[in-house]
Structures are given as C-alpha cells and as structure tokens.
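# Reading the structure
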Amino acid sequence: MKGQGVTVVALAAAVTLTSVAAAGPDAAKQRVVITSQASQTTPISPFVLTPLQAGPLKRDSGTQTAGSSSGRTVMREGQRVEIYDSVATLKGKVGSLVIRYRTEYVDGGGGYHVGTGTWKVVRGTGQYAQITGSGRSGTVWLDRGPWSSRVEGFLTLP
C-alpha cells in the first residue's frame, strides 16, 4: 500500500511539472496593438504600442520610420490589388523593433485606399531584444495624405 502511495505522488508531481513546462512559452506571449497615423504622407510617423493583456511588456511610444518597400499589382476577380512588402523601424522609449509588413491595398473610391495584411518581427533591441511576434494589420489612407494604421497580434519574450 505504501508503494502505491509513493507512485501516485510521483505521478502527480510529474504531471504538475509537465503542465508547468508546457505553460512556460505561453506565459511570455502577450497580445498587443500598435497604432500609427499621420496627417500627410511621410516616412516618419509617431507610433504607440499598447498591451491588450497583462504581461511583461508595457505601453511604449516613439517614432516609426518606413524603410524599403517593393510593390506589385495583381488582378483578383476584376479588382486591382496593390501588394507591398516593406520594413519599418519603430524606435520607442524602451527599445526598437524592426517589423516586416505585407499589405494588400484596394481602391475604396473617393480617394480612399484600404489595406489589410500581416506583420512579423525581424529583430529588436532593449526591452524587445530577442522578441518574436506576428499578427494582422489594417491601414487606410487618402490621396491627399492622411493615413492611419493598426496592427494587432502577439509578441513573445524569450
């Protein structure tokens, strides 16, 4: 009887340790939103990173600098779609992030353009060193200049 009790305790401890180890990577995963907007077309704009759930990352803000961008046009079911792959550097108060974007834009009429896409962290410094992450994005802009962008997703700390 004593041997069975030890076995049950050992099995319970093993299950607990396995559960804690499996939860480890998820514990460092945090849902965030990054917003940016400007009143005119410009390669430098303000950004705000806001956590959408509790975790190690705190709110940050700074400047976003648009980098390289390459575009191409495709037709989908008769609609023209502009696809852009670009890289931007976000320099905040606690570090910087380099993010790769892939955005598909369509003409919304009346000078409006609407884009949806994906983003992925390339690298980071400071608080963002060794961070990984990705998510989805939405962007709108007008021919006369003002634009707004919102990206949501998860950032994971090592």
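A brief report on the enclosed structure follows. All chains use their own residue numbering, which begins from 1 and follows the written sequence. Given that this is a predicted model, residues contribute local features only at a pLDDT of at least 70 and side-chain atom pairs are listed and counted only at 80 or more, while totals for whole chains, interfaces and linings are drawn from all residues. The basis for the side-chain values is all heavy atoms of the structure; hydrogens and waters are excluded.

## Here's the deal with the pairing of strand E8 (residues 147-156)
This is how it is decided: Strands were regarded as paired on the criterion that DSSP finds at least two bridges between them. Strands are runs of DSSP state E lasting at least two residues, helices are runs of H or I lasting at least four, and both sets are numbered from the N terminus onward.
Pairing between strand E1 (residues 29-38) and E8: 10 bridges, direction antiparallel. Paired with Thr35 across the bridge in E8 is Arg150. Pairing of strand E7 (residues 132-142) with E8, which is carried by 10 bridges, proceeds in the antiparallel orientation. From the neighbouring strand, Thr139 faces E8, where its bridge partner is Ser149.

## With respect to unusual backbone geometry
Using the following cut-off: For each residue, the accessible area found with a 1.4 Å probe, counting protein chains only, is set against the maximum for its type, and the residue is called buried under 20%, exposed over 50%, and partly exposed in between.
Positive phi is not limited to glycine here, since Glu77 has a value of about 50 degrees. Locating Glu77 in the fold gives a position in the loop between strand E3 (60-76) and strand E4 (79-92). Among the residues examined, Glu77 registers a relative accessible area of 87% and is labelled exposed.

## Considering the packing of aromatic side chains
We count it as follows: Under the pairing criterion, centres of Phe, Tyr and Trp rings, with the six-membered ring standing for Trp, must be within 6.5 Å; the plane angle then separates stacked pairs below 30 degrees from edge-to-face pairs above 60, leaving the rest tilted. A ring is scored as having a charge over it whenever the NZ atom of a lysine or the CZ atom of an arginine sits within 6 Å of its centre and within 35 degrees of its normal.
This structure, assessed with the given rule, holds 2 aromatic pairs. Their ring planes at 70 degrees and their centres at 6.0 Å tell us that Tyr84 and Tyr105 sit as a pair that is edge-to-face. In this pair, Tyr84 is assigned in strand E4 and Tyr105 in strand E5 (residues 96-109), connecting sequence segments 21 residues apart. Overall, the relative accessible area of 32% leaves Tyr84 in the partly exposed class. Taking 6.4 Å as the distance between ring centres and 80 degrees as the angle between the ring planes, the aromatic pair formed by Tyr105 and Trp141 counts as edge-to-face. Within this pair, whereas Tyr105 is found in strand E5, its partner Trp141 is found in strand E7, the two being separated by 36 residues in sequence. Within the aromatic cluster, the residues linked to one another by ring pairs are Tyr84, Tyr105 and Trp141. A cation over a ring is seen here: Lys29 above Phe154, with NZ or CZ 5.3 Å from the ring centre.

## Comments concerning the nonpolar core
The line we're drawing: The nonpolar core is taken to be a set of buried Ala, Val, Leu, Ile, Met, Phe, Trp, Tyr and Cys residues, with the residues joined through side-chain atoms within 4.5 Å. Only heavy atoms enter the contact rule, under which two residues are in contact if any of them lie within 4.5 Å.
By size, the foremost hydrophobic cluster in this structure holds 18 residues, and its most contacted members are Leu49, Leu90, Leu97, Ile131 and Leu155. The set of elements that each furnish at least two residues to this core consists of E1, strand E2 (44-51), E4, E5, strand E6 (112-124) and E8. A total of 3 residues in this core trace back to one element, the largest contributor, which is E5. The residues contacting Leu155, other than those within four sequence positions of it, are Ala28, Lys29, Gln30, Val32, Leu49, Leu57, Trp119, Val121, Ile131, Thr132 and Gly133.

## Structural notes on the pattern of salt bridges
Our working definition: For this document, the term salt bridge refers to a Lys or Arg side-chain nitrogen within 4 Å of an Asp or Glu carboxyl oxygen.
Within the structure shown, the criterion is met by 7 salt bridges. The salt bridge partner of Glu104 is Arg76, with a shortest N-O separation of 2.5 Å. Of this pair, Glu104 sits in strand E5 while Arg76 is found in strand E3, placing the two residues 28 residues apart along the sequence. On the accessibility criterion, Arg76 (39% relative accessible area) is partly exposed. As a salt-bridge pair, Glu82 and Arg80 come within 2.8 Å of each other at their nearest N and O atoms. Judged by its relative accessible area of 54%, Arg80 is exposed.

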